[in-house]
Amino acid sequence: MEKLAGKIVRKRHIVLAVFLIMSVISGILSFLVPINTDMTKYLPDDSSMKQGTDLLSKEFGGLSMPATLRVMFENLPEEAETSVRERLSALPSAATVVKTGRKTENGRSYTLYTITMNCDYRTKEALALESAIPRTFPEYQLTVRNDDKNGMEIPLFVYGIALAVLLTVLLLLCSSFFEPLVFLFTIGVAILLNMGTNLLLGSVSATTHSMSAILQLVLSMDYSIILMNRFRQEKTGEKDLTRAMENALIKAFPSIASSGFTTIVGLTMLVFMRFRIGMDIGLVLAKGVFLSMLCCVTMLPALILMCHKLIERTEKKPLRIKTGALARFSYRARYALAAVFVVLFFGSWYLSTLAEVSFSLNQEDPIVEIFQEENQIVLLYENQDEEAAAAIARETEDLPDVNAVMTWSTTLGKKMGPDEMTSYLEEMLSDSGTYGAMFGDLMEGLDFSRFQNQLNENTMRSLYSLYGLLGGEGAVDTLSLEQLISFLKNAASNPLLASLMGEDAADMAGRLDLVLEAARAQLVGPSHSLMMISTFLPVESEETSAFITSLQAKLSSSMTGQTYLIGNSIMSQEMKQSFSRELLTITLLSAAAIFIVVFISFRSAAVATILISLVQCGVFMAIFTAELLGYHMHYLAVLIVQCVLMGATVDYGILFTNYYRENRRVRGIPQALEVAYDQSIHTILTSSLFMILGTGAIALSPADPTIAQICQSISIGATAASLLVIFVLPGLLAALDRFVNRR
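Residues numbered from 1 in each chain as written. Predicted model: local features only at pLDDT ≥ 70, side-chain atom pairs only at ≥ 80, totals over all residues. Heavy atoms only, no water.

## As for the overall build of the protein
In plain terms, the rule: Strands are runs of DSSP state E lasting at least two residues, helices are runs of H or I lasting at least four, and both sets are numbered from the N terminus onward. Accessibility here uses a 1.4 Å probe with only protein chains present; expressed as a share of the type maximum, an area under 20% marks a residue as buried, one over 50% as exposed, and anything in between as partly exposed. The contact criterion used throughout is that any non-hydrogen atoms of two residues lie within 4.5 Å. Note on areas: these come from Shrake-Rupley sampling with a 1.4 Å probe, and a residue is covered only by the protein chains present in the view. Note on charges: Lys and Arg go in the positive column, Asp and Glu in the negative column, and His and the chain ends are not counted at all. Positions of charges follow a simple convention, taking NZ of Lys, CZ of Arg, CG of Asp or CD of Glu.
Scanning the protein from N- to C-terminus turns up 30 helices and twelve strands. Out of the 743 residues in the protein, the part that is buried amounts to 54%. Of all intrachain contacts in the protein linking residues separated by at least 6 positions in sequence, the fraction that spans at least 24 positions is 81%. Of the roughly 33,100 Å² of accessible surface on the protein, a fraction of 57% belongs to carbon and sulfur atoms. Put simply, the protein has 57 plus and 71 minus side-chain charges, and the middle of one group is 21 Å from the middle of the other.

Structure follows, in structure tokens:
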């Protein structure tokens, strides 16, 4: 290590130049990293929904849902509805506009329009359309919401707030006003390296992309503090700053490596999640912590030596925290603190088992409070089961929470009487209503305006009679759209048909046939067909679970082939079924891995048990605190908190315990506690406040509820673990001194 430290310090200018060049290259590469917003990509291979989405992609090219906006007007006069719709349709990027509802509640009327956009979410065009709508209708009170289920990107100002909070913590606790800038620059380079090297992973999830930078920052800042503190100690007895830095690097490296290793081990436990989003988050964060360590032991020494005059010129008295009274209290109340911890551990464990875990999160949406949001479930079934699918569709669409069921046999293949066929075609050929929204894109560029007057109930009844007459079937009560179009094409030259439909009957039939074939391709594949079930059920609830279970039972008893259900509710149900087992696995693996690391460091099973129990208690407290605050903790937050706290906050306990054991060699228990407090409290407070306040600031962002809750849970858990380390751990060490301090 001495030779390597010497080379790093003496060739510091080359080292710094290399890292700066790599950071620039990585910054450019970071823009090329694909950001994946499709959570189904992370489903395990044995997931039925995963298999269904793969088959869906193979036969239908995936289920591409158009980008849509919802616009709700308050107190819009009925006579203005058509003009408002036309004004919305005239806006750039608005492909189709459909009035989807009107309600009156508490003396106020609400009118809802759904806009299908000809661009993707989060594009300049989509954002421009969202902002243009309120400007277009200044005379009305309205609400605009997009239907992007992946949440918005966290605004830059939120990151700015987090950075300002963290900078304030550093300015208060560091010994120089310039030090924080050096630290932040070093970690900033590591963050750029991490973001650029994500290209090696192929893609990263939107969740990982949004929170990895801030988590990397809060998880690895203490490495810089450790090296800076050691450098200060070394230069007091060494006038040669280069030599002092070499000594500081040699002596600080074991602490930095130990702290980083425990964090990396904890984060890599996420790799063992069945839901592969865990691997995505775990690998990116573990890689980020490693790169932060690398920058701290290579680039930071160069920056400190280059900026040492500025650092010295801006030196100040560090915030002095007196802990003598706390040390004396910890010794006197050591047995009471040990008893309190036992009660707290088992009590928090029990309360955490009562806490409910959520598998879906929704943003606040005032439109949903008036108009129920649709929850789509897709059924993929074999073509041979079309008859059984039709029966299930008819039965399902009669259920109270079902809005509509769309499959070939209930739409384009449905047998209808003349009056129903007329209404169906009128809606299909317009750009309003359910079918207008469904077929709008398919009929783009096809002008049906000159046929509109011919579509009336009397003409349709005559067509049905003519179909029976020419086909020799006699009276015909029902026809499918496919049968009607085929008849119009084949009998176009018949004078009777021409007298009813005019000379353009064949033209109309040809155009409808184009739409029919395109629509068929969306619903019927080479070997499988689709059924779209639109419900008003929440994504996650007991009623939704009962609906899915009932549907699965019907499919098992009626279908001869394999079936697959796809949708947000299906994904939530699958994750819920395996979550308890997965949480137990991750908890045991992370605890066992960190136990081994701590045991190797201290050669003491007692120390390892105390520290692991302390951090695990913090995890339990974070879980049941969510219930006290009135929300259910998201399953990702539970698993990430388990691994992050186990890997990161255990370092605080390791630091205090290390100082305590060192001082117990030459001091009694009360004095050892006092010195251990004095030597560790500054680092513990800096690191813990970084994690608590940094993640807490991101949690204030309403943009993405999943990321906000993950960060909030980490902040709460880090608070609990830090308080336990500061106020409970010293008493535990004193109470169990003969086990902790074995020589």
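## Regarding the sheet that holds strand 5 (residues 141–146)
This is how it is decided: In this scheme, strands are said to pair when DSSP sees at least two bridges between them. Lines fitted to C-alpha atoms define the axes here, with helix axes fitted over just the stretch in contact, and angles between the N-to-C directions of these axes take values from 0 to 180 degrees.
The antiparallel open sheet is built from four strands, whose spatial order is 3-4-2-5. The strands lining the two open edges of the sheet, one partner per strand, are strand 3 (94–105) and strand 5. For this sheet, the mean inter-axis angle between neighbouring strands, taken without regard to orientation, is 20 degrees. Here seven bridges tie strand 2 (residues 68–74) to strand 4 (residues 108–117), and the two strands are oriented antiparallel to one another. Bridging from a neighbouring strand, leucine 69 pairs with isoleucine 115 of strand 4. Helix 4 (residues 81–89) contacts strand 2, strand 3 and strand 4 of the sheet and is inclined by roughly 145 degrees relative to strand 3.

## Structural notes on helix 13 (residues 334–354)
To keep it simple, the criterion reads: Multiplying 1.5 Å by the helix residue count minus one yields the expected span of that helix. In this description, the arc belongs to the directions extending from the helix axis to the C-beta atoms.
Here helix 13 contains 21 residues, and its C-alpha end-to-end distance of 30 Å stays within 8% of the 30 Å for a straight helix at 1.5 Å per residue. Burial in helix 13 covers these residues: Arg334, Leu337, Ala338, Phe341, Phe345, Ser348 and Ser352. Around the axis of helix 13, the buried residues are gathered within 100 degrees of arc, so they sit on the same side. Projecting away from the buried face of helix 13 at angles above 90 degrees are the exposed residues Tyr335, Val343, Phe346 and Leu354.

## A closer look at the pairing of strand 2
Burial of strand 2 is extensive: seven of the seven residues sit out of reach of the surface. Side-chain alternation along strand 2 places Thr68, Arg70, Met72 and Glu74 on one buried face and Leu69, Val71 and Phe73 on a second face that is also buried. As defined by bridge partners, strand 2 adjoins strand 5 across six bridges and the pair is classed as antiparallel. By the bridge assignment for strand 5, valine 71 is matched with valine 144.

## Details of the state of the cysteines
Here a disulfide denotes a covalent bond joining the sulfur atom of one cysteine to the sulfur atom of another. The condition is simple: Disulfides are defined in this document as cysteine sulfur pairs within 2.5 Å.
For the coordinates displayed, the defined rule picks out zero disulfides. We note that cysteine 174 lacks a disulfide partner, and the nearest cysteine sulfur, in cysteine 296, lies 13 Å from it. Left unpaired, cysteine 643 is separated from the closest cysteine sulfur, that of cysteine 711, by 15 Å.

## Structural notes on the side chain of lysine 554
Relative to the assigned elements, lysine 554 resides in helix 22 (residues 542–558). In contact with lysine 554, not counting residues within four places along its chain, are Ile392, Glu395, Leu399 and Met559.

## So, unusual backbone geometry
Positive phi, close to 55 degrees, is recorded for asparagine 75, a residue that is not glycine. Along the chain, asparagine 75 turns up in the loop between strand 2 and helix 4. Phi at serine 93 takes a positive value of approximately 80 degrees, unusual for a residue other than glycine. What makes serine 93 buried here is its relative accessible area of 15%.

## What about helix 3 (residues 48–60)?
An α-helical segment advances 3.6 residues per turn. Residues three or four places apart therefore align on the same side. In plain terms, the rule: Here a polar contact means two N or O atoms within 3.5 Å. Within protein one must be a hydrogen donor candidate and the other an acceptor candidate, and residues neighboring in sequence count only if both atoms are side-chain atoms.
Taking 1.5 Å of rise per residue, the 13 residues of helix 3 would be expected to cover 18 Å, and the 18 Å separating its terminal C-alpha atoms lies within 8% of that figure. The N-cap of helix 3, judged by a side-chain oxygen 3.2 Å from the amide nitrogen of methionine 49 a few residues on, is serine 47. Backbone geometry just downstream of helix 3 places glycine 61 in the positive-phi region, at approximately 70 degrees.

## Points about the packing of helix 6 (residues 156–173) against helix 7 (residues 179–197)
We apply this condition: Oblique is the label for every angle not falling under 35 degrees (roughly parallel), over 145 degrees (roughly antiparallel), or within 65 to 115 degrees (roughly perpendicular). Should the near helix be turned anticlockwise from the far one by less than a right angle, the crossing is left-handed, and should it be turned clockwise, the crossing is right-handed. Residue polarity is assigned by list, with Asp, Glu, Lys and Arg as charged and Ala, Val, Leu, Ile, Met, Phe, Trp, Tyr, Cys and Pro as nonpolar; anything else, Gly included, falls into the polar class.
Axis separation between helix 6 and helix 7 bottoms out at 9 Å; the angle between their running directions is 135 degrees. One finds that helix 6 runs oblique with respect to helix 7. Crossing handedness for the pair helix 6 and helix 7: right-handed. Where helix 6 abuts helix 7, its residues Leu163, Leu167, Leu170 and Leu171 lie against Pro180, Leu181, Phe183 and Leu184. For the contact of helix 6 with helix 7, the residue count by class is eight nonpolar, no polar and no charged.

## Description of the pattern of salt bridges
Threshold: Take a side-chain nitrogen of Lys or Arg and a carboxyl oxygen of Asp or Glu: if they are within 4 Å of each other, that pair is a salt bridge.
Summed over all chains, the structure comprises 17 salt bridges. One salt bridge connects aspartate 46 with arginine 274, and the closest N-O pair in it is separated by 2.8 Å. Within this pair, whereas aspartate 46 is found in the loop between strand 1 (35–36) and helix 3, its partner arginine 274 is found in the loop between helix 9 (241–268) and helix 10 (277–306), the two being separated by 228 residues in sequence. Taking relative accessible area as the criterion, aspartate 46 reaches 54% and is therefore assigned exposed. In this structure, aspartate 737 and arginine 664 form a salt bridge, with 2.9 Å as the shortest nitrogen-oxygen distance. Highlighted residues: aspartate 737 in helix 30 (residues 737–740) and arginine 664 in helix 26 (residues 650–664), separated in sequence by 73 residues. The two residues aspartate 737 and arginine 664 agree in class, both being buried. One network of salt bridges, in which partners are shared, links Arg10, Arg243 and Glu246.

## A closer look at the environment of asparagine 247
With respect to the helices, strands and loops of the structure, asparagine 247 is situated in helix 9. Judged by its relative accessible area of 16%, asparagine 247 is buried.

## A short note on the packing of aromatic side chains
Selection rule: Each Phe, Tyr or Trp ring, with Trp reduced to its six-membered ring, pairs with another whose centre is within 6.5 Å; inter-plane angles below 30 degrees give stacked pairs, above 60 give edge-to-face pairs, and intermediate values give tilted ones. Whether a charge lies above a ring is judged from NZ of Lys or CZ of Arg, which has to be within 6 Å of the ring centre and within 35 degrees of the ring normal.
Counting across every chain of the model gives twelve aromatic pairs. Look at phenylalanine 73 and tyrosine 113: their rings are 5.8 Å apart centre to centre, the planes differ by 85 degrees, and that puts the pair in the edge-to-face class. Within this pair, whereas phenylalanine 73 is found in strand 2, its partner tyrosine 113 is found in strand 4, the two being separated by 40 residues in sequence. Residue phenylalanine 73 is classed as buried on the basis of its relative accessible area, which comes to 0%. Geometrically, the ring pair formed by phenylalanine 73 and tyrosine 140 is edge-to-face, given 5.8 Å between the ring centres and 85 degrees between the ring planes. Here phenylalanine 73 is found in strand 2, whereas its partner tyrosine 140 is found in the loop between helix 5 (124–136) and strand 5, with 67 residues between them in sequence. Members of the aromatic cluster, each reached through a chain of ring pairs, are Phe73, Tyr113, Phe137 and Tyr140. One residue, lysine 316, lies across the ring of phenylalanine 177, its end atom 5.5 Å from the ring centre. Between the NZ or CZ atom of arginine 334 and the centre of the ring of tyrosine 331, over which it lies, the distance is 4.0 Å.

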